[in-house]
Amino acid sequence: MKYPAESYAKAFLEALEEHPSKKDHIIKSFLGAVYKNGDGPAIEKILNLITQKITRGAGGRVVSAEFARPLSDKLILEFKKEFSVKDHVEISLRPELVAGVRVLIDGEKELDMTLAKKINKLLQ
Amino acid sequence: MILLAVLTFVLFRPLLKVLEERKKKIELGLKVGKEAEERLLAIDKMKEEKLGEAEKMAFEIVKKGEAEAKAGADKIIIEGGKKADDILKEAGQIAERRQEEARLAMAKEAKTLVRAAIIKTVQLDPNAVDAALVSQAVDEISGLSAKISRG
């Protein structure tokens, strides 16, 4: 990467804070600059960092939830009600988890309630 | 008298001279013969002495050779014994290693089978397992949130 993701996120948020009315222009220019610098492949990392900063700035938590398969609406509701509107909840699917959920809060607290982990623990 | 004098002068004296010379020659021959005999005896003695020395030396060489051969044989026997011990030890280690490998392979296979069996069972009703595990996670998150809000 030409510049670290942290620098991109910081620059983007500062620009947005200084000129909130030019949001669309800032987004377009920002994306153009990232790709022009050859850092396009890291765009997901940069956007995740921006999301984290915005969420934390608003007093929320960044929650990453990995499920083995798509859950029923009822289960999703039950799960999401544990988080506030300030929290940013990202859901992804990982079939290798077999069943259950793995939750990562703010990239630090991990809650692994997957069957894959339970099986591994059992067979250790 | 004259005849006797003449004979003495002409015959006896030369005859005596010849006899004297002959005697001297015989004596010299005897002396030389005796010396030669003594020399031969000395040579024979020396020969016997040399033979004795050679025999002694040969005996020493054979004795030394035998001792060295015995030492060599002892060394070979000791080394052979050590080598045999090493081979047995190595064979034991190989057997142990193979046993351990077989045990590990069996354990790995058993784990794979158990894992497959669990997954197969879960796949019969995955939603129920998901629901149970997600509920547990929700309970844990509730507890965590309560802890944070209290803190």
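Residues numbered from 1 in each chain as written. Chains lettered and ligands numbered in written order. Predicted model: local features only at pLDDT ≥ 70, side-chain atom pairs only at ≥ 80, totals over all residues. Heavy atoms only, no water.

### Brief notes about the overall build of chain A
Then, in step 1: What chain A contains, in helices and strands, is five helices and four strands.
Then, in step 2: Scanning chain A from its N terminus toward the C terminus, one meets helices and strands in the order α-α-α-β-α-β-β-β-α.
Then, in step 3: Residue burial in chain A is summarised as follows: out of 124 residues, 36% are buried.
Then, in step 4: At a minimum sequence separation of 6, the contacts of chain A that also span at least 24 residues come to 60%.
Then, in step 5: Accessible surface computed for chain A: about 7,800 Å², of which carbon and sulfur atoms make up 55%. (Helix = DSSP H or I, 4+ residues; strand = E, 2+ residues; numbered from the N terminus. Buried < 20%, exposed > 50% of the residue type's maximum accessible area, 1.4 Å probe, protein only. Contact = heavy atoms within 4.5 Å. Areas by Shrake-Rupley, 256 points an atom, 1.4 Å probe, with all protein chains shown as cover.)

### Observations regarding a negative patch on the surface
Residue and element names in this part refer to chain B.
Then, in step 1: Judged by side-chain charge, Asp44, Glu48, Glu49 and Glu53 come together as a negatively charged surface patch.
Then, in step 2: Residue placement: glutamate 49 occurs in helix H1 (residues 2-124).
Then, in step 3: The class for glutamate 49 is partly exposed, based on a relative accessible area of 46%. (Patch = residues over 30% accessible without salt bridge, like charges linked within 9 Å, V, L, I, M, F, W, Y side chains within 5 Å. Salt bridge = Lys/Arg side-chain N within 4 Å of Asp/Glu carboxyl O. Lys, Arg positive; Asp, Glu negative; His and termini not counted. Charge placed at Lys NZ, Arg CZ, Asp CG, Glu CD.)

### Focus on the side chain of glutamate 66 of chain A
Residues and elements named next belong to chain A.
Then, in step 1: Tracing the backbone through its elements, the reader meets glutamate 66 in strand S1 (residues 62-67).
Then, in step 2: Engagement of the side chain of glutamate 66 in a polar contact is seen with the side chain of arginine 94, the distance being 3.0 Å.
Then, in step 3: Once residues lying within four places of it in the same chain are set aside, the contact partners of glutamate 66 are Ser92, Arg94, Leu97, Gly100, Val101 and Arg102. (Polar contact = N/O pair within 3.5 Å; in protein donor to acceptor, adjacent residues only side chain to side chain.)

### Focus on the interface of chain B and chain A
Then, in step 1: Every contact between the two is made by 23 residues of chain B and, on the other side, 26 residues of chain A.
Then, in step 2: Overall, the association of chain B and chain A removes approximately 2,100 Å² of surface from exposure, summing both partners, and the carbon and sulfur fraction of that is 74%.
Then, in step 3: Its largest share of buried area at the contact with chain A, chain B owes to Leu133, Val134 and Ile141 of chain B, together 25% of the area lost on that side.
Then, in step 4: Taken together, the connections running from chain B to chain A amount to one salt bridge.
Then, in step 5: Across the salt bridge formed by aspartate 130 of chain B and arginine 69 of chain A, the nearest N and O atoms sit 2.6 Å from each other.
Then, in step 6: Applying the counting rule to chain B against chain A returns five residue pairs in polar contact (both at pLDDT 80 or more).
Then, in step 7: When residues of the side of chain B that touches chain A are traced back to their parent elements, those giving at least two are H1 and helix H2 (126-150) of chain B.
Then, in step 8: Element by element, the count of residues in the side of chain B that touches chain A is highest for H2 of chain B, at 17 residues.
Then, in step 9: Of the residues in the side of chain B that touches chain A, the class split is 14 nonpolar, five polar and four charged. (Buried area = accessible area lost by both parts, 1.4 Å probe. Nonpolar A, V, L, I, M, F, W, Y, C, P; charged D, E, K, R; others polar.)

### Structural notes on the packing of aromatic side chains
All names here are of chain A.
Then, in step 1: Under the counting rule described, the total for this entry stands at five aromatic pairs over all chains.
Then, in step 2: For the ring pair tyrosine 3 and tyrosine 8, a centre distance of 6.0 Å and an interplane angle of 85° mean the geometry is edge-to-face.
Then, in step 3: Judged by its relative accessible area of 40%, tyrosine 3 is partly exposed.
Then, in step 4: With centroids separated by 5.4 Å and ring planes inclined at 80°, the aromatic side chains of phenylalanine 67 and phenylalanine 79 adopt a geometry described as edge-to-face. (Phe/Tyr/Trp six-rings, centres within 6.5 Å; stacked < 30°, edge-to-face > 60°.)

### Points about the nonpolar core
Then, in step 1: In this structure, Phe67, Phe79, Val101, Val103 and Leu111 of chain A together with Val134 and Ile141 of chain B are the most contacted members of the largest nonpolar core, which totals 16 residues.
Then, in step 2: Broken down by secondary-structure element, the contributors of at least two residues to this core are S1, helix H4 (73-80), strand S3 (100-105) and strand S4 (109-114) of chain A together with H2 of chain B.
Then, in step 3: The leading source of residues in this core is H2 of chain B, at four residues.
Then, in step 4: Discounting residues that sit within four places of it in the chain, isoleucine 141 of chain B has contacts with Phe79, Glu82, Phe83, Val103 and Leu111 of chain A. (Core = buried A, V, L, I, M, F, W, Y, C linked by side-chain atoms within 4.5 Å.)

### Remarks on the side chain of glutamate 82 of chain A
Then, in step 1: The residue glutamate 82 of chain A is located in the loop between H4 and strand S2 (88-93) in this model.
Then, in step 2: Within polar-contact distance, the side chain of glutamate 82 of chain A engages the side chain of serine 142 of chain B at 2.6 Å.

### Some points on the pairing of S3 of chain A
All names here are of chain A.
Then, in step 1: The buried count for S3 comes to five of six residues, which makes it a mostly enclosed element.
Then, in step 2: The pairing of S1 with S3 spans five bridges and is classified as antiparallel. From the neighbouring strand, phenylalanine 67 faces S3, where its bridge partner is valine 101.
Then, in step 3: With six bridges connecting them, S3 and S4 associate as antiparallel partners. Bridge pairing in S4 places isoleucine 105 opposite lysine 109. (Pairing = 2+ DSSP bridges.)

### Some points on the confidence of the model for chain B
Then, in step 1: Mean pLDDT for chain B: 90, with 97% of residues reaching 70 or above.
Then, in step 2: Scoring of the predicted complex yields 0.56 for pTM and 0.73 for ipTM. (pLDDT = per-residue confidence, 0-100.)

### Quick word on the sheet that holds S1 of chain A
Hydrogen bonds between backbone groups are what pair the strands of a sheet, and the pairing can be parallel or antiparallel.
Residues and elements named next belong to chain A.
Then, in step 1: The mixed open sheet is built from four strands, whose spatial order is S2-S1-S3-S4. Each having just a single partner strand, S2 and S4 make up the two edges of the open sheet. Averaged over neighbouring strand pairs, the angle between their axes works out to 15° when direction is ignored. (Axes fitted to C-alpha atoms, helices over the stretch in contact; angles between N-to-C directions.)

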